[in-house]
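Structural description and commentary
The primary structure of each chain is shown beneath.
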Amino acid sequence: MQMMINGASVDNEEKITIKNPADNSFVDTVPLASLQDAKNAINSAFNAKKDMMSLTSREISQILFDIHDDLSENLDKFAELITRETGKTIRDSMMEMERSLDTLKLSAEESKRIYGETIPIDAGIGGENTLGFTLRIPLGVISAITPFNYPVNLAIHKIAPAIAAKNTVVFKPSIKAPLTALKLTELINDRLPAGAVNSLTGDSKIIGDEIVTNALIDKVSFTGSVETGVSITKKAGMKKITLELGGNDPLVVFEDANLDDAVAAAVKGSYLNAGQVCIAIKRIIVDDKIADDFIQKLVSMSRKLNVGDPLNPKTDIGPLIDLNAALYVENIVKDALNNGAELLCGGKREGNYYQPTVLDEVSPKMKLVQDETFGPVAPIIRVNGVDEALKTANNTRYGLQAGVFTESIKLARRAVDEIDAGTVLINKSTFRTDNMPFGGFKMSGMGKEGVKYAIEDMTRFKLVILG
Ligand code: NAD
């Protein structure tokens, strides 16, 4: 695959090899971008601003619908390539592609609804005989940086709203899963003025720094880890920044919860995409009075999951993205076991695979539940009563989503008020639709995505005063 700069495919002699995490087989190569490539991409995006601005909102909307149609014709091919480059199960890759189409459609629709407002200027002293209104205008050049775990939909969550608002884009996908992202940019490029959307693959330091610090960039839209997000805020200077960062989401199971529903939520939330989801359940906080029943059901369901070839439609859990990721999970589970946690099932690594794992007697202070585990692990923290449960739920630096299971409306209200997270879900967990405002509190990020909210963050308003 090649990069896209100023409407043309760009290759380089130096390459990065992409391997299939399921069996380490060769999938493809991508070019290692040079600093000059990054500068060229930024200049192209800057120069393309005029062309984008000259399109009507009606034309922009149609372009996004056309991209939607082009992608839907290639859905299976994209899904298979996601699986081959990330190890995601083919079922989940298809789901990602369905959602990608939805994100495109939502962006096409939303591009016709970018409104300013009239301001009652004559309500202020000196405002007599004066008319004021705002225009919502594009920010300019958006730097879009994405992680490996949802390589297509997270890219579309940045690129499509940016186009909807007539911005231009410099896009840097994760080097761990760049293939579908580059394929997507080719397809988008065919429908847009040259230079409107550019893609770069390469060293995070060299090109990453350039697309964060270059003065021609108006906004950095980043999805990835807390550590990278924090380093970007330090470097970016006076630019708008949106950060969609890591999570350490709790599933809180109160004494009166419907246990079957809570267990089903725990299974989905802990093991989806082998746990490599920002809103995966990373801590299960269970009232001690019902913990034994809950755990028994959870272990029984965890043992039934199929771990194996992600291209097999019957597989529930594929490999982690690479060996380092699998070793990290192995070590962090070992650390918990050395500090008093009890292994109930799983706990084994084979190459890049890690078995679905349930751990009991986890303490809120363990590294396993203080950091983001990003693996198929369900750590149980037993608590006594509501106060301890809510205190434990808030006891990390993260605040992305929280799921709470209770039949009591009063308890649900209290959880909504007291849990410090961007989304609090009642009798649901690990949940996202592509139109909802999505984003975390605390170290989980700042700003919101979800098409309408991303567009708000990718535009600014200009005030017009008519005397
Ligand atoms: P990562 O932070 O390692 O990488 C993310 C992107 O940043 C990649 O494209 C990477 O190449 C780039 N990058 C790395 N260093 C950079 C630098 N110095 N300057 C510019 N760019 C740089 O994250 P990852 O391992 O790919 O993804 C996993 C993380 O992403 C997890 O923490 C997960 O929770 C988070 N995530 C968050 C959301 C969300 O919406 N909140 C969604 C998905 C993933």
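Residues numbered from 1 in each chain as written. Predicted model: local features only at pLDDT ≥ 70, side-chain atom pairs only at ≥ 80, totals over all residues. Heavy atoms only, no water.

Here we look at the overall build of the protein chain
- Assigned secondary structure in the protein chain consists of 16 helices and 24 strands.
- Here the protein chain has a C-alpha radius of gyration of 23 Å; the compact-globule value for 467 residues is 23 Å, and the two agree.
- Summarising its shape, the C-alpha atoms of the protein chain cover approximately 70 × 65 × 40 Å along the three principal directions.
- Looking at the protein chain as a whole, 55% of its 467 residues qualify as buried.
- Counting contacts in the protein chain only where the partners sit at least 6 residues apart, residues at least 24 apart contribute 72% of the total.
- With an accessible surface of roughly 19,300 Å², the protein chain has 51% of that area assigned to carbon and sulfur atoms. (Helix = DSSP H or I, 4+ residues; strand = E, 2+ residues; numbered from the N terminus. Rg over C-alpha atoms; globule rule 2.2 N^0.38 Å. Buried < 20%, exposed > 50% of the residue type's maximum accessible area, 1.4 Å probe, protein only. Contact = heavy atoms within 4.5 Å. Areas by Shrake-Rupley, 256 points an atom, 1.4 Å probe, with all protein chains shown as cover.)

Comments concerning unusual backbone geometry
- Although it is not a glycine, Asn24 adopts a positive phi angle of roughly 60°.
- You can see Asn24 is positioned in the loop between β3 (15-19) and β4 (26-31).
- The partly exposed category is assigned to Asn24, whose relative accessible area is 48%.
- Positive phi, normally seen in glycine, also occurs at Lys442, with a value near 50°.
- For Lys442, the position within the fold is in strand β22 (residues 441-442).

A short note on the domain arrangement of the protein chain
- In terms of domains, the protein chain is made up of domain 1 (3-245 + 444-466) and domain 2 (249-433).
- The distance between the C-alpha centroids of domain 1 and domain 2 comes to 31 Å.
- In this complex, domain 1 contributes 28 residues to the contact, which on the side of domain 2 involves 27 residues.
- Across the domain 1 to domain 2 interface the summed buried area is about 2,200 Å²; carbon plus sulfur atoms make up 52%.
- Ranking the residues of domain 1 by area buried against domain 2 places Arg91, Phe148 and Ser444 at the top, with a combined share of 22%.
- For the pair domain 1 and domain 2, the number of links is 2 salt bridges.
- Note that Asp316 and Arg91 form a salt bridge whose closest N and O atoms lie 2.9 Å from each other.
- Run the count over domain 1 and domain 2 and you get 9 residue pairs in polar contact (both at pLDDT 80 or more).
- The set of elements that each furnish at least two residues to the side of domain 1 that touches domain 2 consists of α4 (75-86), α5 (90-110), α6 (153-164) and α9 (226-236).
- Of the residues forming the side of domain 1 that touches domain 2, the biggest block, 5 residues, is contributed by α4.
- Of the residues in the side of domain 1 that touches domain 2, the class split is 8 nonpolar, 9 polar and 11 charged. (Domains from an automatic or database assignment. Buried area = accessible area lost by both parts, 1.4 Å probe. Salt bridge = Lys/Arg side-chain N within 4 Å of Asp/Glu carboxyl O. Polar contact = N/O pair within 3.5 Å; in protein donor to acceptor, adjacent residues only side chain to side chain. Nonpolar A, V, L, I, M, F, W, Y, C, P; charged D, E, K, R; others polar.)

Topic: the packing of aromatic side chains
- Under the counting rule described, the total for this entry stands at 1 aromatic pair.
- Aromatic side chains Phe148 and Phe374 sit 6.1 Å apart centroid to centroid with 85° between the ring planes, which places their arrangement in the edge-to-face category. Here the residue Phe148 occupies a position in the loop between β7 (141-145) and α6, and Phe374 occupies one in the loop between α13 (367-370) and β18 (377-383), the gap between them amounting to 226 residues.
- Positioned above the aromatic ring of Phe78, the side-chain terminus of Lys183 is 5.4 Å from the ring centre.
- Sitting above the plane of the Phe438 ring, Arg432 keeps its charged end 3.8 Å from the centroid. (Phe/Tyr/Trp six-rings, centres within 6.5 Å; stacked < 30°, edge-to-face > 60°. Lys NZ or Arg CZ within 6 Å of the ring centre and 35° of its normal.)

Comments concerning the pairing of strand β13 (residues 281-287)
- Counting buried positions along β13 yields 7 of 7 residues, so the element is predominantly enclosed.
- Crossover strand β12 (residues 249-253) to β13 through helix α10 (residues 259-271) is right-handed.
- As paired strands, β13 and β18 are joined by 4 bridges and run parallel to one another. Along β18, the bridge assignment pairs Ile284 with Ile380. (Right-handed = clockwise from strand over helix to strand, strands pointing away. Pairing = 2+ DSSP bridges.)

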